Amino acid sequence: RWIILLPLVGVALCTLGSARGSRALARAAAPLVVLIAFGVSLAAVAQLWGQPAGAALVDRVYTWIGAGPLQIDVSLRVDALTSVMILIVTGVGFLI
């Protein structure tokens, strides 16, 4: 979850810093939260590599629809493809 929430925290910090006239907060917070998201992504990928081939990390956020035997969850899933994408997006995003 933190991979998604950290950039939102960064937007809040940048908005707060800009509203108060403290551009230094915005300049420091913007790349820092993306770097932290990259670190969290690295940790998730490292955890995924410890799993057997074809495994995935699933973080169930909440049940969206539950009707008898039907249960549809809102969840975040990290598998081999998404691990490459989160590393590219957060890594390149930090470098930009």
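Right above here is the structure, for reference.
Computed from a predicted model, the values in this text were never measured in an experiment.

Undergrad: What should I look at first to understand helix α2 (residues 23-49) in this one?
TA: Because the α-helix completes a turn every 3.6 residues, residues three or four places apart line up on one side. Spanning 27 residues, α2 covers 40 Å between terminal C-alpha atoms, matching the ideal 39 Å at 1.5 Å per step. Close packing links the buried residues of α2 with α1 (2-20), β1 (57-67), β2 (70-78) and α3 (80-95).

Undergrad: Please clarify how a nonpolar patch on the surface should be interpreted in this entry.
TA: Judged by side-chain polarity, W2, I4, L5, L8, L32, L35, I36, V40, F94 and L95 come together as a nonpolar surface patch covering roughly 940 Å² of accessible area. What makes F94 partly exposed here is its relative accessible area of 33%.

Undergrad: What exactly am I supposed to notice about the packing of α1 against α2 here?
TA: Any two packed helices are characterised by how steeply their axes cross, that is the angle between the axes, and by the distance between the axes. Here α1 crosses α2 at 175 degrees, and the two axes come no closer than 8 Å. Compared by their axis directions, α1 and α2 come out roughly antiparallel. Listed contacts from α2 to W2, I3, L6, G10, L13, C14, G17 and S18 of α1 are R23, L25, A26, A29, A30, V33, I36, A37, V40 and S41. Split by residue class, the contact of α1 with α2 holds 13 nonpolar, 4 polar and 1 charged.

Cut-offs and rules
- For every chain, the first residue of the written sequence is number 1, and numbering continues from 1 along that sequence.
- The predicted nature of this model means local features are confined to residues of pLDDT at least 70 and side-chain atom pairs, given and counted, to a pLDDT of 80 or more, with totals for whole chains, interfaces and linings taken over all residues.
- Hydrogen atoms and water are omitted, and side-chain values are computed over all heavy atoms in the structure.
- A helix here means a DSSP run of H or I that spans at least four residues, while a strand means a run of E at least two residues long, and both kinds are numbered starting from the N terminus.
- Expected span of a helix: the number of residues minus one, times 1.5 Å.
- We call two residues contacting when some pair of their heavy atoms lies within 4.5 Å.
- Each patch groups residues whose relative accessible area exceeds 30% and which form no salt bridge, using 9 Å between like charges and 5 Å between nonpolar side chains of Val, Leu, Ile, Met, Phe, Trp and Tyr.
- Per-residue accessibility takes into account occlusion by the displayed protein chains alone, with areas from the Shrake-Rupley method and a 1.4 Å probe.
- We count a salt bridge whenever a side-chain nitrogen from Lys or Arg sits within 4 Å of a carboxyl oxygen from Asp or Glu.
- Residue exposure (1.4 Å probe, protein chains only): buried if accessible area is under 20% of the type maximum, exposed if over 50%, otherwise partly exposed.
- Under this scheme, a helix contributes an axis fitted over its contacting stretch, all axes are lines through C-alpha atoms, and angles between N-to-C directions fall in the 0 to 180 degree range.
- When describing relative orientation, an angle under 35 degrees is termed roughly parallel and one over 145 degrees roughly antiparallel, while 65 to 115 degrees is termed roughly perpendicular and anything else oblique.
- The classification used treats Ala, Val, Leu, Ile, Met, Phe, Trp, Tyr, Cys and Pro as nonpolar, Asp, Glu, Lys and Arg as charged, and all other residues, Gly among them, as polar.

This is a description of form; function is not addressed.
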